[in-house]
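# Report on the structure
As a plain string of letters, each chain reads:
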Amino acid sequence: MCRPNSTQGFQFVSPFAFEAMQEVNVVRLAALSDPELRLLLPCLVRMALCAPADQSQTWAQDKKLILRLLSGVEAVNSIVALLSVDFHALEQDARKEQQLRHKPGVSNGDGILVSQLQHGLTLEFEHSDPLRRLRLVLSELLAIMNKVSDSNGEFFLKSSELFESPVYLEEVADVLCILQAELPSLLPIVDVAEALLHVRNGEWFLCLLVSNVPDSFNEVCRGLIKNGERQDEESPGGRRRTEALRQLCRMNPSQALNVRAMVVEQCHLPGLGVALTLDHTKTDAADDAVSNLVSFISGLLLGTNAKVRTWFGMFIRNGQQRKKESSSVLWQMRRQLLLELVAILPRSRSTHVPNDNEVDTEQPPSGYSGLREERVVKASALLRLYCALMGIAGLRPTDEEAEQLLQLMTSRPPATPAGVRFVSLSFCMLLAFSTLVSTPEQEQLTVMWLSWMIKEEEYFESAAGVTASFGEMLLLVAMYFHSNQLSAIIELVCSTLGMKIAIKPGSLSKMKTIFTQEIFTEQVVTAHAVRVPVTSNLSASITGFLPIHCIYQLLRSRAFTKHKVSIKDWIYKQLCETATPLHAQLLPLIDVYINSILTPASKASPEATNQPITEQEILNVFQGLTGGDGNRSRTRFSITSQLLVLYYILSYEEALLINTKSLALMQKKPKSYSAALMDQIPIKYLIRQARGLQQELGGLHSALLRLLATNYPHLCMVEDWICEEEVTGTVPLLRRILLPNNAKQYSQKQLHEAFQMVPSSPTRLMQILEHLSLLSASDLILYAEVLTSNMNQLLNPGIPRRVLQTVSNLWMVLNTVMPRRLWVMTVNALLPSIKLQRQQKYTQNDLMIDPLIVLRCICKPNVTYLSAHLKETSDHDSKQSQTITSLGLTGPAEAPEVTREELKNALLAAQDSAAVQILLEVCMPNEEEKTKGCGSEPLPKSIHSSELKKDEPPKSLSSCTEGTGDSLLNNLREVQCLICCLLHQMFIADPNIAKLVHFQGYPRELLQLTVAGIPSMHICLDFIPELLAQPQLEKQIFAIQLLSYLCTQYALPKSLSVARLAISVMGTLLTVLTRAKRFTFFMPTLPCLVSFCQAFPPLYDDVTSLLVQIGQVCASDVATKASDMDPLVARLQQLKEKPHCDKPKVLGKHELRRERTNSDPDMQLCYRIEDTFMEIIHSTAVGV
């Protein structure tokens, strides 16, 4: 049984007794001593006399035990007498007195409960009967409660004989407990508890009151805390409240931590929270575990609640302003923390600094001043707590605290992860609070400890098995000191400690001197950094300060180039040792490394730059992805490493282009990576892989897309992305998932043999191709060379269309992952046999220089990659022009910059127009197709782009096979649709190409095809007036013929105005052209007038007038000859005057044939005029 507590001679309720009362454990109550039992009599007597709610047999037996327990106590009789009073009448009198006291002018002596007293309260209480005793105590208690409510929170201590006389304390306590129990509405227990704080011995009365009503413990504590001060040690009232609550928690220690939680919740009475924690810590027997005091204060200062942090920080600051008092809770806390700190220090640790002879360098780290392994975690927690106290709460350590803290910080822990963490915390605390080092001896101790850190860093990293050791932090801080980046050091310290501390940069001057002059010179830093091993499988999941942080800072400060230390190998190894998720420092590292390659550290030494990664090293990273070998092995590098190296190459090329001018001024020519290297890197495949890993790669995917659009815009064409969705989207994915692929795996050799057998037996090839269609794009790369090299086998007649379709689909899938190499392989495979006699096959560079090589293939052109080559060539020429401009090579004075830009644009336009002209020629049917009638059918009025784009490669392949001439779906028509689609895209991208092509002209037989098949042909209406103004008669004829088709296709107001202009031009030319030129001009243009009238009937009058004028001119010329033109002139006149009357007399067949076979040009033109009239009349009649 626990012994009762005694304070100032008073007997308090023990925890044992309170627990017995709380549980109503009669057996334990019977074990109490008489003094302890005396304090609990009010509650026990009420339990024995009042009718219980529990009618069980068990409680009946317990009640008998209680009665037997009370039978021998004399004070029970007086309590029974108190319970015999009429409490209802007493309550009414009390309420009347409360109302009376609220009236003005009423003195304290007047009252209903107690009239004028003849003697003092003590004597009156002694000589009074039970009822008067109740009235005396109730009157005094109500007076105190009223004064508390009127005090507005100001503390006072009321002198009262009843609550101060030691003789009658127990009787007064009995009366108080009975009053509160019988009159709970008049005397709420929280208000009574608040009033008791304002009398002497109040905490004793409060404990007795709560012990007799044990269920009210939490309610009383919460009320007292809520009404308490924010800073309890600032006032006597706060200290009394704290002491009272502390006594309550000693009486009920199981609820002490709950009461502490109420303190934090209300942000009141911080001293109480610390005091309760101190009381709990004294009973904590776990020496090696983190104490409850350390955990509690650390939680307050390092938690996420800023209000709690500010509240407790104010408690620390205010407590330091008062003189050191042993009774102060703050100083008790500091003393306890210091005791815990000293307890975990190594036993051999002394306060003097040992000299060099005392240090046994051969000892392992656990020798001199070694912390025990089980105490390292507690030591780290103590260090963080002191950092929070000093940095957040403003604690000023005493000399003793500072000395012991420094001894702990410079201790040497064992080589464990916790030991690494302890050393990192100690180092950062040393930087944050350099004032702890105040004497030369302490400075020498610090230097020795830092030297030990440098020496043991590798041992700790290997023994502890951690990747982020304190060695990288030392190196990083040394670099920051050398580059005077003090704010970065402060950020590093705060990040490591896990708290925001206000560190003045000036406070780091002492540590800066130690680092830069005694420990780490800049040359030592760079030499040491290169030897630091790279982090294996570096990813964002590895936290802390790593070697990459150190190298990054050294690269920024240009320390490597300044001291001529090569860092290329280290960076290459680190890029090869990466994993997902991507570490945030990798991209900045690559950027600053590229800058150090191209930009020298100073103008005085332009050669002071880092070396770039070699092409062979880059190829090693992509080995296994480039394909080409029969047994292609998987690459041993992760996709992250490959993407980072690709980012390095693209960023390097972009930076090289941007810095061309500055490099030329320094007469420095960094080497660019060769085109052969870029040809072997599957850029599109890597970009596709990055797209699927966007969440794990951070901003790498978007950065690669930006660089790709800058360096290789032909790989970022929108139509390719749309087509890629068709071949790699949801439907192909579901097909691969739903269709089982359990068939045997086919080799490249088997595929090649199947291609050789395709003319006689295409079934075997189809079986293999269906299997390949279930493979992913990356797995299909293995078969790319065999597929492309055997494409010429598919150009033979009789190849099933399904084979062509499947090969085309496979080609499109490969185009999503390896487009550039695939284009080259396809071109080399489809060249004519004469071209194959070249000593060397075409390369990607050849296609970039001359994209028209694509059109020399023996089949119809594959427009899928022709446009990409044109785009690549345009970008290449633009880069060359930009490079020349950046270098300042302006050339002679007669060749200014504008001229050079114009020449470049003219070259690109000539190249594009040549491609367009060749494509248009391909649309013309050959002799065999003309015989079969291919391509003779007119196109629909509009061709949808989706229909044109569908199955591009199969149409280009199938264009060389047999087709049916009677159907619109013949091979020539497919090629025409493809070419029209491509030309539409080219015209939309650059309308000047359309203008240039039409000014050059092309076969008139294709006008119907181009106008109907190219939706963007309406832009020709803008430059047809200019084309009509050309002096060449051929261009004027071409313009009018083009306009006739445009008017039919686009019957717009603009077309009407241009048609009027064309008619006017024809009328003008009639008057100026010679006889021979008149025949040359009007014979092909007169039929165009029919289209003008069909599209725009208002032009009928102008057209008929023009026709009559032409006929009159021709008739006048014919009249000079012997021929008789009267019948023809009569017919023309009749057609002009009465076009809608009965048909004129028509010549017989023999007569008409005789007239039409006339070889005279004027006669032929006259007949053409008549035919034009007849067609206009016929179309008008049909329209009506």
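The structure under discussion appears in the preceding block.
Quick look at the structure, then. (Residues numbered from 1 in each chain as written. Predicted model: local features only at pLDDT ≥ 70, side-chain atom pairs only at ≥ 80, totals over all residues. Heavy atoms only, no water.)

This part covers the packing of helix H14 (residues 217-226) against helix H16 (residues 256-266). At a closest axis distance of 10 Å, the pairing of H14 and H16 adopts a crossing angle of 30 degrees. Considering the angle they form, H14 stands roughly parallel to H16. Note that H14 runs across H16; the crossing there is right-handed. Judged by residue contacts, Phe 217, Asn 218, Cys 221, Arg 222, Ile 225 and Lys 226 of H14 engage Val 259, Met 262, Val 263, Glu 265 and Gln 266 from H16. Among the residues making up the contact of H14 with H16, the classes are represented as 6 nonpolar, 2 polar and 3 charged. (Axes fitted to C-alpha atoms, helices over the stretch in contact; angles between N-to-C directions. Helix = DSSP H or I, 4+ residues; strand = E, 2+ residues; numbered from the N terminus. Parallel < 35°, antiparallel > 145°, perpendicular 65-115°, else oblique. Left-handed = near helix turned anticlockwise from the far one by under 90°. Contact = heavy atoms within 4.5 Å. Nonpolar A, V, L, I, M, F, W, Y, C, P; charged D, E, K, R; others polar.)

A separate point is the nonpolar core. In this structure, Leu 248 and Tyr 648 are the most contacted members of the largest nonpolar core, which totals 284 residues. Formed by 72 residues, the second largest nonpolar core is a distinct cluster that contains Leu 1007, Leu 1043, Leu 1107 and Val 1108. (Core = buried A, V, L, I, M, F, W, Y, C linked by side-chain atoms within 4.5 Å. Buried < 20%, exposed > 50% of the residue type's maximum accessible area, 1.4 Å probe, protein only.)

Enumeration over the complete set of coordinates arrives at 15 aromatic pairs. Judged by centre distance (6.1 Å) and plane angle (75 degrees), the rings of Tyr 648 and Tyr 673 are edge-to-face. Remark: Tyr 673 occurs in the loop between helix H35 (660-665) and helix H36 (675-679) and Tyr 648 occurs in helix H34 (residues 639-658); sequence separation between them is 25 residues. On the basis of relative accessible area, Tyr 648 is assigned to the buried category, the value being 0%. Exposure remark for Tyr 673: the relative accessible area of 10% places this residue in the buried category. Taken together, the ring pairs in this structure connect Tyr 593, Tyr 648, Tyr 652 and Tyr 673 into an aromatic cluster. Its guanidinium or amino end placed over the ring of Phe 125, Arg 133 lies 4.4 Å from that ring's centre, counting from NZ or CZ. (Phe/Tyr/Trp six-rings, centres within 6.5 Å; stacked < 30°, edge-to-face > 60°. Lys NZ or Arg CZ within 6 Å of the ring centre and 35° of its normal.)

Counting across every chain of the model gives 25 salt bridges. For Arg 250, the salt bridge identified is with Glu 243, shortest N-O distance 3.6 Å. Judged by relative accessible area, which is 27%, Glu 243 ranks as partly exposed. (Salt bridge = Lys/Arg side-chain N within 4 Å of Asp/Glu carboxyl O.)

What follows concerns the side chain of Asn 610. Following the sequence through the fold, Asn 610 ends up in the loop between helix H32 (586-598) and helix H33 (615-621). Excluding residues that lie within four positions of it along the chain, Asn 610 makes contacts with Leu 555, Phe 560, Thr 561, Val 565, Ile 567, Tyr 593, Ser 596 and Ile 597.

Looking now at helix H21 (residues 376-391). In this model H21 runs 22 Å from its N-terminal to its C-terminal C-alpha over 16 residues, within 8% of the 22 Å that 1.5 Å per residue would give. The buried fraction of H21 amounts to 12 of the 16 residues, a majority that puts the element mostly inside the structure. Every buried residue of H21 is listed here: Val 376, Lys 378, Ala 379, Ser 380, Leu 382, Leu 383, Leu 385, Tyr 386, Cys 387, Ala 388, Leu 389 and Met 390. For H21, the secondary structure elements touched by its buried residues are helix H18 (292-302), helix H19 (306-321), helix H20 (329-344), helix H22 (399-409), helix H23 (417-432) and helix H26 (486-497). (Expected span 1.5 Å × (residues − 1).)

Quick look at the state of the cysteines now. What we call a disulfide is simply a covalent bond connecting the sulfur atoms of a pair of cysteines. Taken as a whole, this structure holds 0 disulfides when the rule is applied. Not engaged in a disulfide, the cysteine Cys 1114 finds its nearest cysteine sulfur in Cys 1166; these two sulfurs lie 4.3 Å apart. Cys 1114 sits in the buried class, given a relative accessible area of 0%. (Disulfide = S-S within 2.5 Å.)

This part covers the packing of helix H12 (residues 189-196) against H14. At a minimum axis separation of 9 Å, H12 and H14 run at an interaxial angle of 55 degrees. When the interaxial angle is binned, H12 and H14 end up oblique. Handedness of the crossing formed by H12 with H14: right-handed. Along its contact with H12, which presents Ile 189, Val 190, Ala 193 and Glu 194, the element H14 presents Glu 219, Val 220, Gly 223 and Leu 224.

Geometric descriptors of this kind do not, in isolation, establish any biological role.
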